[in-house]
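A structural walkthrough
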Amino acid sequence: MKTYFLGVLALPMLVFAQQSERVTAQQFVDLQQGQTAHEGFRRAHAKGICVTGEFRSNGSLTDYSNAAVFNKGAYPFVGRFSIAGNNPSAPDLKAPVRSLALSFATSAAQQWRIAMNTPPVMAVSDPHTFYQQIKAIQSGTIAEFFAEHPESADFTAWKDNYQPSGSFAAEQYHSINAFYLINDNGDKQPVRWAMRPTVNVATTSFDGDDALQNELTERLAAGPVIFDWVFTLATSEDDENDPAVGWPESREQIVAGQIAISDWQSQLNGDCHEINYDPLVLPDGIEATRDPILRARSAAYAESYRRRAVEVLNGAFEEQQND
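What comes next concerns the included structure. Note that this is a predicted model, so its numbers are computed, not measured. (Residues numbered from 1 in each chain as written. Predicted model: local features only at pLDDT ≥ 70, side-chain atom pairs only at ≥ 80, totals over all residues. Heavy atoms only, no water.)

**Some details on unusual backbone geometry**
Its identity as a non-glycine residue notwithstanding, His 45 has a phi of 55°, on the positive side. Here His 45 shows up in the loop between helix H1 (25–33) and strand S3 (48–57). Located in the positive-phi region is Ile 176, a residue other than glycine, with phi close to 65°. Mapped onto the elements of the fold, Ile 176 is located in the loop between strand S7 (173–174) and strand S8 (179–182). (Helix = DSSP H or I, 4+ residues; strand = E, 2+ residues; numbered from the N terminus.)

Structure follows, in structure tokens:
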């Protein structure tokens, strides 16, 4: 069993404001955690499976970014597939959202953490409204919430047409938020990206709470799971700071290479459990936009990590370690 700690366990009260209304990272995580905290686990996307592999870069983005991972070559990563929710024992097939996270470390000083979800956009544009959305989900009033928030149109259009696949390997995972690619000349290109699957799996023959995890482990026993890493380039007509608005399909797309997943580990024994997949951990050549949701995600991830780190230090998982 691996354990971990956070170097600074006392975080400031991270506050996001919309006019006079404020919400903190602590409030976000309290809401996601609910009445029962599953000690030592993430407060959102608590159930997952660790994966490892490499990004096989074709070098096609070197004109846009000087990030090391875009140079032609292979770059290892530690990743994690997960499902939405705060319950680490939840049934895989009942989760409304699936996620893929990756962590690259090309050097001690150059790391990149990536957190992606199946929806291509957020339902709202600012942290306070996002907080209200989570409350609406929990209170069963989400239909009314969407009716009152026309900015959710792109998200609800996706939701109404989304059909969950039978495999983690067959989903498309999106950055949701936009980032800037920065080249040697200092030019900035706003982008979003997606991991596009190379297989189609309509349903799974596996059942039970761990159906998706079991399907993945069997699939990996037969060979690597491959995704194309596709970057969409914004134009001046697109607002890179608004995560609720999709960009037209006509925008230029560049395939930067392929993600090849070759192995898996249970999340409590794998390296991914120690990692906070903070989307603001960025290497040279990639920069955050001013998207306020992006910063809210980062702060909430940090607060969730702080809580589970304290719980591990206080003995969470000791029973499993002694088994």
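**Focus: helix H5 (residues 211–222)**
In an α-helix, one turn spans 3.6 residues; hence positions three or four apart end up facing the same way. With twelve residues, H5 extends 17 Å between its outermost C-alpha atoms, agreeing within 8% with the 16 Å of an ideal straight helix rising 1.5 Å per residue. Those residues of H5 lying buried are Ala 211, Leu 212, Gln 213, Glu 215, Leu 216, Thr 217 and Leu 220. If you follow the buried residues of H5, they end up packed against S3, strand S4 (73–83), strand S5 (98–105), strand S10 (225–233) and strand S11 (253–266). Two residues or fewer after H5 comes Gly 223, characterised by a positive phi angle close to 155°. (Expected span 1.5 Å × (residues − 1). Buried < 20%, exposed > 50% of the residue type's maximum accessible area, 1.4 Å probe, protein only. Contact = heavy atoms within 4.5 Å.)

**Remarks on the pattern of salt bridges**
Evaluated as defined, the whole model comprises 14 salt bridges. Of the charged contacts in the structure, one is a salt bridge between Arg 56 and Glu 54, with a shortest N-O distance of 2.9 Å. Judged by relative accessible area, Arg 56 falls into the partly exposed class, the value being 38%. Residue Arg 219 is joined to Glu 215 by a salt bridge in which the shortest nitrogen-to-oxygen separation is 2.6 Å. With Arg 219 and Glu 215 both in helix H5 and four residues apart, this pair spans about one turn of that helix. Under the relative-accessibility criterion, Glu 215 is labelled buried at 7%. Each of Asp 30, Glu 303, Arg 306 and Arg 307 takes part in salt bridges that share partners, so that together they form one network. (Salt bridge = Lys/Arg side-chain N within 4 Å of Asp/Glu carboxyl O.)

**Topic: the nonpolar core**
Counting residues in each nonpolar core, the largest one holds 42 residues, and the members touching the most others are Phe 70, Phe 81, Phe 104, Trp 229 and Ile 259. Broken down by element, the residue count for this core peaks at five residues, all from S10. Apart from the residues lying within four places of it in its own chain, the contact partners of Phe 104 are Phe 55, Val 69, Tyr 75, Pro 76, Phe 77, Gln 110, Gln 111, Trp 112, Ile 114, Trp 229 and Ile 259. (Core = buried A, V, L, I, M, F, W, Y, C linked by side-chain atoms within 4.5 Å.)

**Remarks on the state of the cysteines**
Across all of its chains, the model carries one disulfide by this definition. Between Cys 50 and Cys 272 runs a disulfide, and the two sulfur atoms are separated by 1.9 Å. Between Cys 50 and Cys 272 the sulfur-sulfur dihedral comes to about -75°; the bridge is accordingly left-handed. A residue pair is termed long-range when its members are at least 10 positions apart, and Cys 50 in strand S3 and Cys 272 in the loop between S11 and strand S12 (286–288) qualify at 222 residues. Cys 272 matches Cys 50 in its accessibility class, with the two residues each being buried. (Disulfide = S-S within 2.5 Å.)

**So, the packing of H1 against helix H6 (residues 292–313)**
One way to put it is that H1 packs onto H6 with a least axis distance of 8 Å and a crossing angle of 65°. Comparing their axes, H6 and H1 come out roughly perpendicular. The hand of the H1/H6 crossing is right-handed. Of H6, the residues touching H1 (which contributes Ala 25, Gln 26, Phe 28, Val 29, Asp 30 and Gln 33) are Ala 296, Ala 299, Ala 300, Glu 303, Ser 304 and Arg 307. Tallied by class, residues from the contact of H1 with H6 come to six nonpolar, three polar and three charged. (Axes fitted to C-alpha atoms, helices over the stretch in contact; angles between N-to-C directions. Parallel < 35°, antiparallel > 145°, perpendicular 65-115°, else oblique. Left-handed = near helix turned anticlockwise from the far one by under 90°. Nonpolar A, V, L, I, M, F, W, Y, C, P; charged D, E, K, R; others polar.)

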